[in-house]
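For reference, the chains in residue letters:
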Amino acid sequence: MRRLNTLVLAFWLLLALPGLAWAGEPKVDSGDTAWVLASSALVMLMTPGVAFFYGGMVRRKNALNTLMLSFIALVLISVQWVLWGYSLAFGPDHAHLIGGLSWLGLKGVGAEPNPDYASAIPQLAFVAFQMMFAIITVALISGAIVERMRFPAFLAFVLLWSTFVYAPLAHWVWGVDGWIRNLGALDFAGGTVVHISSGVSGLVAALLLGRRRGYGEEPMLPHNLPMTLLGAALLWFGWFGFNAGSALAANDLAASAFVVTNTAAAAAALSWMVVEWLHHGKTTALGVASGCVAGLVAITPASGYVSALPAVIIGLVAGAVCYLAVAVLKPRLGYDDALDVFGVHGIGGTWGALATGLFASKAVNAAGANGLFFGNPAQLGIQAVGVVATWVFAALATLVILRVVGLLTSLRATYSEEVSGLDITLHGEEAYRL
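Keep in mind that what you see is a predicted model, and the values were worked out from it rather than measured. Position numbers for residues count from 1 along each chain, tracking the sequence in the order it is written. Local features in a predicted model are, by the rule used here, given only for residues with pLDDT of at least 70; side-chain atom pairs are given and counted only at 80 or more, and totals for whole chains, interfaces and linings are based on all residues. The side-chain values count all of the structure's non-hydrogen atoms but skip hydrogen atoms and water molecules.

## A short note on the environment of Ala-266
Secondary structure follows DSSP: runs of H or I at least 4 residues long count as helices, runs of E at least 2 residues long count as strands, and numbering of each begins at the N terminus. Relative to the elements of secondary structure, Ala-266 occurs in helix H9 (residues 252–280). The spatial distance from the C-alpha of Ala-266 to the C-alpha of Trp-236 is 9.9 Å, given a sequence separation of 30 residues.

## Digging into the packing of aromatic side chains
Working definition: a ring pair exists when centres of Phe, Tyr or Trp rings (six-membered ring for Trp) sit within 6.5 Å. Plane angles under 30 degrees give stacked, over 60 give edge-to-face, the rest tilted. Taken as a whole and judged by the stated rule, the model has 22 aromatic pairs. Consider the rings of Tyr-86 and Phe-126, whose centres lie 6.3 Å apart with planes at 70 degrees: the pair is edge-to-face. Of the two residues, Tyr-86 is situated in helix H3 (residues 63–90) and Phe-126 in helix H4 (residues 123–141); the sequence distance between them amounts to 40 residues. Between buried and exposed lies partly exposed: a residue is buried under 20% and exposed over 50% of the maximum accessible area for its type, with that area taken using a 1.4 Å probe on protein chains only. Taking relative accessible area as the criterion, Tyr-86 reaches 0% and is therefore assigned buried. Residues Trp-239 and Phe-242 carry aromatic rings whose centres are separated by 5.4 Å and whose planes lie at 55 degrees to one another, so their mutual orientation is tilted.

## Considerations on the pattern of salt bridges
Whenever a carboxyl oxygen of Asp or Glu lies within 4 Å of a side-chain nitrogen of Lys or Arg, that contact is scored as a salt bridge. Counting across every chain of the model gives nine salt bridges. When the shortest N-O distance is used, the salt bridge between Arg-212 and Glu-147 registers 2.5 Å. Note that Arg-212 is positioned in the loop between helix H7 (191–209) and helix H8 (225–244) and Glu-147 in the loop between H4 and helix H5 (151–174), a separation of 65 residues in sequence. With a relative accessible area of 8%, Arg-212 lands in the buried category. What makes Glu-147 buried here is its relative accessible area of 2%. Notably, a salt bridge pairs Arg-213 with Glu-418, separated by 3.3 Å at the nearest N-O pair. Within this pair, whereas Arg-213 is found in the loop between H7 and H8, its partner Glu-418 is found in helix H14 (residues 415–420), the two being separated by 205 residues in sequence. For Arg-213, a relative accessible area of 35% corresponds to the partly exposed category. The structure contains a network of salt bridges with shared partners spanning Arg-59, Glu-147, Arg-148, Arg-212, Glu-218 and Asp-336.

## Considering the side chain of Ser-303
By secondary structure assignment, the location of Ser-303 is in the loop between helix H10 (285–299) and helix H11 (308–333). A relative accessible area of 0% places Ser-303 in the buried class. N or O atoms within 3.5 Å of each other form a polar contact, as long as, within protein, one can give a hydrogen and the other can take it, and as long as residues adjacent in sequence are counted only when both atoms are side-chain atoms. Of the polar contacts made by the side chain of Ser-303, one reaches the backbone oxygen of Thr-300; its length is 3.0 Å. Residues count as neighbours in contact if any of their non-hydrogen atoms are within 4.5 Å of one another. Not counting residues up to four positions away in its chain, the partners in contact with Ser-303 are Phe-188, Ala-189, Asn-243, Ala-257, Val-260 and Thr-261.

## As for H3
Expected span, for any helix, means 1.5 Å times one less than how many residues it has. For H3, spanning 28 residues, the distance from its first C-alpha to its last is only 36 Å, which falls clearly below the expected 40 Å at 1.5 Å a residue. By definition, a residue's bend is the angle between the axes fitted to the seven residues ending there and the seven starting there. Trp-81 marks the point of greatest bend in H3, at about 70 degrees.

## Considering helix H12 (residues 341–359)
Turn by turn, an α-helix covers 3.6 residues, leaving residues three or four places apart pointing in a common direction. Counted at 1.5 Å a residue, the expected span for H12 with its 19 residues is 27 Å, and the 25 Å between its end C-alpha atoms agrees. In terms of burial, H12 is a largely internal element, 18 of the 19 residues being buried.

## Thoughts on unusual backbone geometry
Here Ala-95, not a glycine, exhibits a phi torsion of approximately 60 degrees, which is positive. Summarising the element assignment, Ala-95 is placed in the loop between H3 and H4.

Put into structure tokens, the structure is as follows:
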């Protein structure tokens, strides 16, 4: 009888072995997959949000062209990402700098999870999610050069910048064996990869193109602030996918990122409003919208590593610092970053990345690290290395790319094109008919 019981036990253990083996293998979770796909759609909506946010801030004669710059980013990078962008950013590592071309055209990328990035969703879902980040980053840059950059030049710039700036940065920070990731820098949803890179690159482009005709001599007021407020609302809405979706799972970390994202946005809007009132004597709708975006930018790298109270602090500082960058620093230096990409994204992203080194806590995310205020001052230094590397690389690479594009086609619209407006001269259309 004892021998029979032993044989029965052995039989059941034999049947259980495959299950024990499979338990440690990546397996698609339908809930996580649904959340990541929904988050991808939310982030996609952010690019039209950028279009409306920027489109309302320019003069009427350039509204359609400004909208088009964001829309064409969605078109071009959707193709570029599938053909070679994803492979360069997330493919097998080469020298800790780039991903190579082994996944060219998404070869070998399919429904099975990639445990290096997300073990519970199809790799194609991860491809889609990251694609939306690549798209919005180049759309953000457009705000610095609106009303004066020629459309063909922008097309060439978008393709080259996404290939030679965005993809390497994404690999450095998020790719397996990327050197900034290996260093231990924390960037949950793109403070360096998306916001510092777009802000610094936008500043370089604005400086190289020069100021708009009549800048500082004639009013260049927003033509449709309701459109801008709508764009800000769409950005705020989509940012929940941007940050909470970066958990790559429908879990407690996604919930935490969702809450701190909303908290920082609101705190920054309040902060910008108060500082603007103290400095300017009035509170403007454009200021509240800009403050909201500044808070969203600043919380992005920290969103998966901090709790609600630090999110309030990050937002309050972001609103004040970004306002000063836009309202004080820019006029004193005299550069024409038309829609304040550097002041909001470059400065806000820098503060957010450094703030992550201050407030990050392993109690929020065990896979992260503690920051300065949680007993690990070294993390602030690591964050600073990532910030400096992103600033230097984005600035130099953008300068080179624009010089190359300038050899192929004229970067800047002619005097008559600028005076008449880029809508009619470059597209043969008007946003509004009188």
